[in-house]
Structures are given as structure tokens and as C-alpha cells.
Number of protein chains: 2
Amino acid sequence: MEKVREIVREGRRVGKEDPRRVVHAFKVGLALALVSSFYYYQPLYDNFGVNAMWAVMTVVVVFEFSVGATLGKGINRAVATLVAGGLGIGAHHLASLSGTTVEPILLAIFVFVQAALSTFVRFFPRVKARYDYGVLIFILTFALISVSGFREDEILDLAHKRLSTVIMGGVSCVLISIFVCPVWAGQDLHSLLASNFDTLAHFLQEFGDEYFEATEDGDIKEVEKRRRNLERYKSVLNSKSNEEALANFAKWEPRHGQFRFRHPWKQYLAVGALLRQCAYRIDALNSNINSDMQIPMDIKKKLEEPLRRMSSESGKSMKEVSTSLKKMTKPSSFDIHVVNSQSACKTLSTLLKSGILNDVEPLQMISLMTTVSLLIDIVNLTEKISESVHELASSAKFKNKTKPSKSDSGSIVRAMPNKSHDDDDDHVVTILGDVDTSNNVDQSHGEISVHSCHHVAIKIDDDDSIHEKHEDGDHIHVHTSRVSCEHTNASDLLDSGVQKN
Amino acid sequence: MEKVREIVREGRRVGKEDPRRVVHAFKVGLALALVSSFYYYQPLYDNFGVNAMWAVMTVVVVFEFSVGATLGKGINRAVATLVAGGLGIGAHHLASLSGTTVEPILLAIFVFVQAALSTFVRFFPRVKARYDYGVLIFILTFALISVSGFREDEILDLAHKRLSTVIMGGVSCVLISIFVCPVWAGQDLHSLLASNFDTLAHFLQEFGDEYFEATEDGDIKEVEKRRRNLERYKSVLNSKSNEEALANFAKWEPRHGQFRFRHPWKQYLAVGALLRQCAYRIDALNSNINSDMQIPMDIKKKLEEPLRRMSSESGKSMKEVSTSLKKMTKPSSFDIHVVNSQSACKTLSTLLKSGILNDVEPLQMISLMTTVSLLIDIVNLTEKISESVHELASSAKFKNKTKPSKSDSGSIVRAMPNKSHDDDDDHVVTILGDVDTSNNVDQSHGEISVHSCHHVAIKIDDDDSIHEKHEDGDHIHVHTSRVSCEHTNASDLLDSGVQKN
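Naming follows an unreviewed UniProt entry, where chain A appears as Aluminum-activated malate transporter of Arabidopsis suecica. Check the Subcellular location (unreviewed entry) section of the UniProt entry for chain A; it says "Membrane". Quoted straight from UniProt, the Sequence similarities (unreviewed entry) entry for chain A says "Belongs to the aromatic acid exporter (TC 2.A.85) family."

Structure (C-alpha cells):
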């Protein structure tokens, strides 16, 4: 009894995690009930006889969770059945020419050679990724047709019936999976990427508070909840296999929603890989939060401003990507945040050069410097991610949020709150002229859009390691010669003048 | 033509990567040729008729690369066919009681409910991991039996024949996979873990040379080859899904070689997870080697001795684990290396406290400190891995390399080269008494064994972060109050007195 209750609980959890699973179960039930009614329908049964079972079998085996997986399996199965059927008939014909004693031997050799070769081909990585199921069905159908042909003379008829029933089953699956609450693997991959950006952004935005504020021992539940929320990023660490599977399925899917047939799914994997690298750094950062508890707060506070800003601006840029992915528009204010995080890097380096940490103990220094270096890494990765996202946005032909404004080279853009849009708190960009400005802007909602600012990769002109790292990649360098960053209350300020060459 | 040549090349590569793949292909061919000859054999055919095709189908679908996977699928298929057959007959009987008009409706409902429920159950993580295939076959067989029963009256006979042919096919697969060049998933998991230890050990042992020696620009090929060799560790980063799959398969396998039926496969996953964490650190370390090129060598050289020793001793301990895993003996000298790497940590902290780096620029400091902190992390992880490996060794009942010596608490062990063993360069342990010693020992082969030294987890009694980190885990603390580490040529010295409490 306890066991049953546990199973019900588990079932509820599984269903709650993704309610589409329940729908999928109903869809499979529907398809199967539909196809097995072929058996009852007299004219159809007379036509196909016992072969109707192939329709049932096809439905059970082919119907997968997403449209892409179903379509891939269905096409694999249909094509493999067709080809193997043809070859099987050929093999049978060839064998039957050679007399009754040699025939079984010849057939056995055919089956052996075909099975061994095909099985070996299944190890090829490219075959394994997309055609594994097709090759399996090929082996199966070839063996069944060429061997069962030994008994029946109406082998052509058999092959024809089998192919039609397989296609009937496959088509039912595909139709139901497309037209009844479809689950698109492509859409899933897209959402997965967006939500991965979201979780990392959440961590980076909360990092400052977590690192610089002494934890109140009061409400343990509250603290634990926040920690759990922070550690959602852990799901990103092992997202690789999931992303790859979804991309493989997505390649089979026809146009749906805003996704074309040849949507650049490969680029999703590239962005995902960079994001995963960032997640590794965040994982290290997270374990550092705990060990850095022993560093006296007054030492940490010395670096608070740039560190807070580096993480929060990186976080904001990721949040922006996540939002624009969800809307399938080109990320716009994104680059501003990247610039801000990099200018914070520069502030940090100035601060460190001033010898602010000269009196810190070496062992505390190690710990603190690790946090610093991880954040620098994250800022650099954010830039790489920015490029990769821009590439994705242009190859996937995401829409522009609004028309680009006519920002010329050498002009400076300035963000101002703009309440005319009602769907979100957009900010409009005003061209000011060639002056170095820094404006106090209420950024309470953390969203700014600079419409003219695509592909701005920043090189901080300073002979430090940050510079060096940037030189490594093959970036498009846009000099920001007047990045100003003398503010103290950094996260509430938009302080960078972006100047395009 | 070019295409064909490419395929042949790819085939050769795939075959070379793991020659057992070629053997597997032949095995499948053999099994299929064997089973399809059932068709020709008159008495058998008369008995089973067209149902003989289920044997062929079973072979094609069930025969997997490893014994565990084949056995798992075979058992899943047989049990699912049996249960679903029984339920199918029941459903058919129930429906036939209700008259001809209601019967097809009732059957369709049964099929629908069964398919929907079972499909939903496939989403349960535990079911998905081990019984996914069984549930699939359950849906299939239930639908086929209950529906086809609508046509034939000899439904019991049908179910019986189907089950026998399935079992015939399954048994052929299992027998061939066990007795013809078997591929054991358990053995594979074991070897994978050993080779993962090996690659990480290789990196750590080479790290010192790579980091502290200026790269000669001379032979680019040589340098590239070494780099490629170093970066083998990258395969460890994404080993998770592979390890989990192998562990799932291994659970199905009977006793083979030194692996019992209930071998602690779960512990392999635990050790693997720790190793992967270590690989993440190594990945960061590797990217630091490149960015640290800009730090002047004379600054780096200041920390050379402890850093070299930390990485090489951690590497040696991993190498030792790899060797002892391969031989399935308990790792013995392992803990000595862990102790050594930790004493090097202490040397490092003393060195840093002496203010040796006071004149280093902050940005170089960040980079250098990151390397330091990563190495400290690795040393700490090595200790955790040590515990996990000891747990594995004892729960898997690995043999002792030799009899344990009678080391008492409070005594100090000392390693001396011993040439009496001929299989490898073992070192024997001598109990010396309660004195603080450090001995010059020729460790040119990097292998020492301290037979009495199990589960030595070290706490460095110093009020620094290393200590703190150790306090976090639930370790068995053995105080090493007199760890001596004042040597300069560290990697050639065995310098730690291990004192047990």
C-alpha cells in the first residue's frame, strides 16, 4: 500500500515536471487504439491480413516525445523498409536461381554479410547520431524478407503489404504528433538555451549580495531556499547530451512557428558549449563563496564595487539574451552590459594596481584572487558568448526589436528611460554628439536597449592581462577610448560612452 | 569514388579505435544467420510457422555491444512478453464475454488505457534507466495479442509460440554474447575509470615542466604532440553519461573475472564524479598555463618547488590508483603521495606568508594565485578521491598487494627501496619509532607502497584555509603533527613522517 502511494507520488511529480508528458501518453494511446482498429475494419483486414500488425508495431516503436524524433524514426523506418525490402527480394531471387541445396546456404551467407556490415556501420558516429534506427530496421527487414521468401512465393506481395502497413502506422504517428499538441524538439532546444541563460544570469545577479552580505542566521529556511535557487545553474553543467539529442531531432522537423526547416541548430550547440564553460566557472565561484566566508568582510569590501558590477553586468547581459531569445528578437542593449562589465574589469585593475591589498595575508589573498580571476574569466566569456549569440541571431534571422537608429561613427549614444512602450520598460537611445558623458539613469528594471549597437566587441586599451586575452580571440575590435568608470554606485549607473570606429 | 574511399577510411578509424566493434559485427551476423536457419529447418518451421520471425526480430533488436546490455534487453523482452501476453489474453477473454458489438470498443479502450499508462510510466527516471525497453515491448505485445486475438481463436497457442520464439532468439543472443569474445560492460567501466585516473595523472605529472619551462620554439610538431597528449584529460569532462550507461548495463551482468554479481558499481560512479570535478580544475589549470605565459619566469620560479611537488605528488597518487585498479589490488603507497602533496601545500603557505611575492604586480598576482588555488583544490580533491577509492577497494573486496605490516599507532613508517619484488619497483615499509625523519629515497620510478597506511586523511594543523576546507568534509582525521617539508629537491624525496592516532 505504501509502495502504491509512493508510485502515485512519483507519477504526480513526473507529470508536474512537464505536463506535456501526460498529453504524450494520451497521444500514444490514441494512435495505438486508432491503428489497431484497422484490425477490426473488415475490408482493410481482408487486404492486409496478419500484416496489419506491422502498423501496430510501427506506432509503438516510432512514436516519440517530440515531433522531430518521431519524424526521424518514421522516415528512417520507411526508407529502410523500402530499401531492405528491395534488396531482400533481390537476394532471394539470386539465391533461388542456384538450386535447392545451395539456396539456404547462399541465403545464410547473405544474411550474415549484410548483418555484419550494417552492424559495423552503426558504429560510425554520423550514422549513430541520425540513422541508427534506420540501419537496425534495414537489418531486420532484409533478414525477414529474404528468409521468409524461402517459404512464400508471393514475396513481392508480402513486401508491398509490409511497406504499406509500416507507412500507414508511421503516417498516423507523424500526423498525431504534429497536429495534437505538438512537442517540437527545436522549440525545446530554443527554450532550454534561453532558460540556461536565465539561470546563469540569476546567479550572477545575486552573486554580489551573496558574497558581500553577511548571512543572517535568522531564517534558515529562507537562506536554504535562496541557496537552492542559486544552485539551479548546476543543471547547465551537464546539459551537453540533452542539447545534442534535441539538435539531432530538431534537424528532422519541418518549418514551425518562427523556426525554418534549416534553422541553424548547430549554432545553438556552439552557444550552449560556451555557456557551459561559463557554468564551470560559476560552479567554482559558488564553491568559493563558501570558502571565502573566512575572509574578513572589510577586505572583501575593498573590491566590492568593481566585483559587484562585473558580475551584475554580465548577469544583465545574459538576462537580456534570455529575454530576446524568448521573443526571438535580436538582443540590443546586450553589448552595453558587456562594455560595462569590461569597464568594471578595468576599474578593478586600477584598484589592484593602487596597492589596496598590500596588507592582506597571502592565504586570504589566494582565495580572494581566485574569485577575482573567475569573475574576469566570466566577463571574457560573456564577450565570446555575445559574439556567438550575434552570429546565431543573424543566421537565424531574428527580427530587430525596432528600426535601427542612424548612429554614426564617432557619435555617442545615451540611454534614457522611455515609458511610451507598454510591453516592457524599454529605453530609447538619443544621439548626443561627441562628448564623454555619463548619465544617471534609473535602471531599476535592468533593461536598456541601444538599437544601434550590434557586434560591439570591446578592447580595453591597457597593457594588462585582460587586454592580452582579448587579443587571443579573433574578435572585431571596436575601440572604446573613453570608457568612463569612476562611479561608486555602479550597478545603478549607465556609465559608458560607446564610440564606434 | 572519393566518397567510397572516405567511408573506408572512416571504417578503418572506427575499427582501430576499438577492434571489438569488428568482432561484435561478426557476432551479430553469426547470431542472425543461426536464428534464420530455424526457418529452413523443417520440423521447427512446422512447429512455429510464421512466428519464427519473432526469433529473428528478437536477435536484431536485443543483441547489443556488451553482455550487460544484451542481457538486460533480453530479460526485459522475455518478461515483458510473458506478462503482456498473459494480460492480453485476459483482456481478450473479458472483451469476448461482452458480445460482438461491445467487444471491439472494449478492446480499443483496453489498448488505449494500457498504452497511455505504460507510456507515462516510461518517464519515471528509474524505469527509464533500466526497464524502458521492457515497457515498450509490454505495450507492443499487449496490443498485438489482445487485438489479433479478435481474429484467431488459437490465441493461447499464438502467445505460447511467440514467447518460445522470443526466448529462443534471446537465448541465442545471450549465449553468443557471453561465450564468443564477450564484452563486459563492468570490465569496460572499470577500465574507463582506470584510464581516466591515468590521463589526469599524466597531466598533473607533466604540469610542472609545462608551466615552469620556457617552451622551445624549435620543434613545433613535438610541442603540438605534447599538448595533444596533455589535453587527453578533456575526455574525462564529459564522461558522465558514458559511465552511467555502463553502470546500468553492468548491473545485469553475472559474475565474470574478478567482478561479482553485486559488484559496487554505484561506487564507481561516485569516484568518477569526484574525478570529473578534478578534471574541471585541470581544465581551468590548462587554460591558465597559456595565460600565465606573460608572467616573468623569475616570479613563477619563486613558487616552483611547492607547486611542482603538489601537482606531481597528486599525479603520482592518481597513477598509483590507476595501476592498482588495473591489477584490482588495494592501492597502497597512494596515501603517502597524498600526504606529500599536502605537505607541499604547507610549504607553499609558509612561503607565501614570508612575503616572497610582495613586489609582484596585482594583475600577474591574480593569474598566479589562480594557478595556486587550483592546485590547492586539486590536492584537496585528491584526498577526497583517496577516501572514495578506499571505500571502493574495500566494498569491491580488492586484494591486498601483500600482507599488512603490524604498524601500531604512534609509530612512524619509513619507505625504503626494495628490489626483492620483481613485478614492479615496490618499496617496503619499516617501522622506525617515534622520531621525525626525512629520508632521501630514490623514487625514480614513482612507486612506493606503505602497506599499513589505509584511510589516512590528513589535516594540516595550521589556521589557514586549507585546514578549513578539510573541516568541511566528514573525514577521518589523522593528525600528522610532524610533517616535515623543508626540502628543495622535493619530488625526489620522501619526506613525511606519517603518525597514526
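**Q** Please provide a residue-by-residue account of the UniProt feature "transmembrane region" (unreviewed entry) in chain A, values included.
**A** Residues and elements named next belong to chain A. Mapped onto the present numbering, the UniProt feature "transmembrane region" (unreviewed entry) falls at residues 21-40, 52-71, 105-124, 131-151 and 163-185. With 75% helix and 0% strand, residues 52-71 has end C-alpha atoms that lie 21 Å from one another. Helix and strand shares over residues 163-185 are 78% and 0% respectively, and the end C-alpha atoms of the span are 27 Å apart.

**Q** Explain the interface of chain B and chain A residue by residue, including any values.
**A** Buried accessible area, meaning the area lost when the parts come together, often serves as the stated size of an interface. In this assembly, 75 residues from chain B lie in contact with 75 residues from chain A. At the junction of chain B and chain A, the tally comes to zero salt bridges. With 13 residues, helix 2 (residues 20-40) of chain B is the single largest residue contributor to the side of chain B that touches chain A.

**Q** Outline empty space enclosed by the protein, supporting the account with residue identities and numerical values.
**A** Under the criterion given, the structure shown has 15 cavities of 30 Å³ or more. Of the voids in this model, the largest cavity is the one considered here, and its volume is about 250 Å³. What lines the largest cavity is a set of 20 residues, among which Ala284(A), Leu374(A), Tyr280(B), Ala284(B) and Leu374(B) lie closest to the centre. Those elements that place two or more of their residues in the lining of the largest cavity are helix 14 (265-291) and helix 18 (362-395) of chain A together with helix 14 (265-291) and helix 18 (362-395) of chain B. Within the lining of the largest cavity, the residues separate by chemical class into seven nonpolar, seven polar and six charged.

**Q** So, the confidence of the model for chain A: which residues are in play, and what are the values?
**A** All names here are of chain A. Taken residue by residue, chain A gives an average pLDDT of 75. The fraction at 70 or more is 75%. Segment residues 403-501: pLDDT under 50, and 198 contacts once partners within four positions in sequence are set aside and those in other chains are kept. Scored as a complex, the prediction yields pTM 0.74 and ipTM 0.74.

**Q** Go over the pattern of salt bridges with me, naming the residues and quoting the values.
**A** Residue and element names in this part refer to chain B. In the structure shown here, the tally under the stated rule is 38 salt bridges over all chains. Across the salt bridge formed by Glu304 and Arg308, the nearest N and O atoms sit 2.6 Å from each other. With a gap of four residues between them, Glu304 and Arg308 both fall in helix 16 (residues 304-327), about one helical turn apart. Its relative accessible area of 16% is what places Glu304 among the buried residues.

**Q** I'd like to hear about the environment of Thr165(B), residue by residue, with values.
**A** Residue and element names in this part refer to chain B. With respect to the helices and strands, Thr165 occurs in helix 9 (residues 155-179). In this structure the C-alpha to C-alpha distance between Thr165 and Ala55, which are 110 residues apart in sequence, comes to 4.9 Å. One polar contact links the side chain of Thr165 to the main-chain carbonyl oxygen of Arg162, over a distance of 2.8 Å.

**Q** Just give me the short version of the packing of helix 10 (residues 185-212) of chain B against helix 14 of chain B, but keep the residues and values in it.
**A** All names here are of chain B. Running from N to C, helix 10 and helix 14 point in directions that differ by 25°, and their axes come no closer than 10 Å. Our classification of the angle between helix 10 and helix 14 gives roughly parallel. Both helix 10 and helix 14 take part in a crossing whose hand is left-handed. Along the contact surface, helix 10 presents Gly186, Leu189, His190, Leu193, Asn196, Phe197, Leu200, Phe203, Leu204, Phe207, Glu210 and Tyr211, while helix 14 presents Trp265, Tyr268, Val271, Gly272, Leu275, Cys278, Ala279, Ile282, Leu285, Asn286 and Ile289.

**Q** Describe the packing of aromatic side chains, with residues and values.
**A** According to the stated counting rule, one finds 23 aromatic pairs over all chains in the structure shown. Considering the side-chain rings of Phe112(A) and Phe26(B), the 5.9 Å spacing of their centres and the 45° angle between planes classify their relative orientation as tilted. Of this pair, Phe112(A) sits in helix 6 (residues 102-121) while Phe26(B) sits in helix 2, each in a different chain. Residue class for Phe112(A) comes out partly exposed when judged on its relative accessible area of 25%. Exposure remark for Phe26(B): the relative accessible area of 46% places this residue in the partly exposed category. Centroid distance Tyr131(A) to Trp252(A): 6.2 Å. Interplanar angle 90°. Geometry classified as edge-to-face. Remark: Trp252(A) occurs in the loop between helix 13 (240-250) and helix 14 and Tyr131(A) occurs in the loop between helix 7 (125-130) and helix 8 (132-148); sequence separation between them is 121 residues. The structure contains a cluster of three or more aromatic residues connected by ring pairs, namely Phe203(A), Phe207(A), Tyr211(A), Phe212(A) and Tyr233(A). Above the face of the Tyr133(A) ring, Lys73(A) is positioned so that its terminal group lies 4.8 Å from the ring centre.

**Q** Tell me about the environment of Val372(B), and name the residues and values.
**A** Residue placement: Val372(B) occurs in helix 18. In this structure the C-alpha to C-alpha distance between Val372(B) and Leu307(B), which are 65 residues apart in sequence, comes to 7.3 Å. Excluding anything up to four places from it in sequence, Val372(B) contacts Ile366(A), Leu303(B), Leu307(B) and Leu348(B).

**Q** Explain the packing of helix 5 (residues 67-96) of chain A against helix 6 of chain A residue by residue, including any values.
**A** Residues and elements named next belong to chain A. Close contact between helix 5 and helix 6 brings their axes to 9 Å; oriented N to C, the two are set at 150°. Judged on the interaxial angle alone, helix 6 and helix 5 are roughly antiparallel. In the packing of helix 5 onto helix 6, the handedness of the crossing is right-handed. On the side of helix 5, the interface is formed by Ala91, His92, Leu94, Ala95 and Ser96, while helix 6 contributes Glu103, Leu106, Leu107 and Phe110.

Cut-offs and rules
- Residues numbered from 1 in each chain as written.
- Chains lettered and ligands numbered in written order.
- Predicted model: local features only at pLDDT ≥ 70, side-chain atom pairs only at ≥ 80, totals over all residues.
- Heavy atoms only, no water.
- UniProt positions renumbered as here; feature names shortened; annotations may be inferred.
- Helix = DSSP H or I, 4+ residues; strand = E, 2+ residues; numbered from the N terminus.
- Contact = heavy atoms within 4.5 Å.
- Salt bridge = Lys/Arg side-chain N within 4 Å of Asp/Glu carboxyl O.
- 1 Å grid on protein atoms, 1.4 Å probe; cavity = no way out; pocket = protein on both sides within 12 Å on 5 of 7 lines; lining within 4 Å.
- Points joined across faces, edges and corners; volume = space filled by probe spheres on them.
- Nonpolar A, V, L, I, M, F, W, Y, C, P; charged D, E, K, R; others polar.
- pLDDT = per-residue confidence, 0-100.
- Buried < 20%, exposed > 50% of the residue type's maximum accessible area, 1.4 Å probe, protein only.
- Polar contact = N/O pair within 3.5 Å; in protein donor to acceptor, adjacent residues only side chain to side chain.
- Axes fitted to C-alpha atoms, helices over the stretch in contact; angles between N-to-C directions.
- Parallel < 35°, antiparallel > 145°, perpendicular 65-115°, else oblique.
- Left-handed = near helix turned anticlockwise from the far one by under 90°.
- Phe/Tyr/Trp six-rings, centres within 6.5 Å; stacked < 30°, edge-to-face > 60°.
- Lys NZ or Arg CZ within 6 Å of the ring centre and 35° of its normal.

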